[in-house]
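# Observations on chain architecture
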Amino acid sequence: MEQGYFFIGDVLGFKNIIQNSKDSFLDGKVDGWLRLVDEATEISKSRIKPQLISDTVFCKASADRAGLRSLISFARHLLNEGIKQSILVRGAITYGPYNWGRLTYGKAVIAAHELEMAQDWIGVACSELPDQDTCWGNDGLVCYPAPFKAGSIKLHPCVVWDVPSDDDLVKASTAFPLTRAGEELQNPWRQRLRNTATFGSYVKGLTVGETWGTYRGPVL
């Protein structure tokens, strides 16, 4: 097994995209997802290796600061550029052993999957990482209580990204085929966007370098 950093990212609402799209339109959305992953890989300077399964992307990176930085850059691009195309990404970065190949598995994979599924926002949270203290900042990580669907509130290193305005966030998350004309939106959708917007407000309020690694308190 290898030892290093591992990323899992999922496209939120992918089931709706498939169910609401005709084949020709769906092909375009899928192509957009593939291009986004390719762009993020290029920006990461080929330090990572992605593996795609439907709406899920796996990535591995070396067990050093450069490896972690490459995954952060990869995740930031998925978040920043994906939202512009209504490709909403939720993900997780972990560290540990994994096997990469035809069957990808290992403790780092399980930890990333569990952490990704537990979150309730558009964003990327991380487990405790060996090199996290070298990556605090507005182009890296911030200490934040990542919103979970249930359970206790815990601080996590989270990937910093440019959360759009509330109006743009709503438009991106309701654009067809994520929703259909006249569809009634449910409360879990609203809570997810609130959690995302609150993170954006928190990040915008950080101006002093050392505060990125120390949580200053909630933004309500």
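A brief report on the enclosed structure follows. Note that the structure is a prediction, hence the values are computed from the model and not measured. (Residues numbered from 1 in each chain as written. Predicted model: local features only at pLDDT ≥ 70, side-chain atom pairs only at ≥ 80, totals over all residues. Heavy atoms only, no water.)

### Comments concerning the overall build of the protein chain
- Summing up its helical and strand segments, the protein chain has six helices and seven strands in all.
- Scanning the protein chain from its N terminus toward the C terminus, one meets helices and strands in the order β-α-α-β-β-α-β-α-β-β-β-α-α.
- C-alpha extents for the protein chain along the principal axes are approximately 45 × 45 × 30 Å.
- Sorting the 220 residues of the protein chain into buried and exposed places 50% on the buried side.
- In the protein chain, once contacts between residues fewer than 6 apart in sequence are set aside, the share between residues at least 24 apart is 71%.
- Of the roughly 11,100 Å² that the protein chain leaves accessible, carbon and sulfur atoms contribute 51%. (Helix = DSSP H or I, 4+ residues; strand = E, 2+ residues; numbered from the N terminus. Buried < 20%, exposed > 50% of the residue type's maximum accessible area, 1.4 Å probe, protein only. Contact = heavy atoms within 4.5 Å. Areas by Shrake-Rupley, 256 points an atom, 1.4 Å probe, with all protein chains shown as cover.)

### Section: unusual backbone geometry
- The backbone of Ser54 shows a phi angle near 55 degrees, a positive value even though the residue is not glycine.
- Positionally, Ser54 belongs in the loop between β2 (49-53) and β3 (56-61).
- In this structure, Ser86 is a non-glycine residue whose phi angle is positive, near 60 degrees.
- In this structure, Ser86 sits in the loop between α3 (65-82) and β4 (88-98).
- Overall, the relative accessible area of 9% leaves Ser86 in the buried class.

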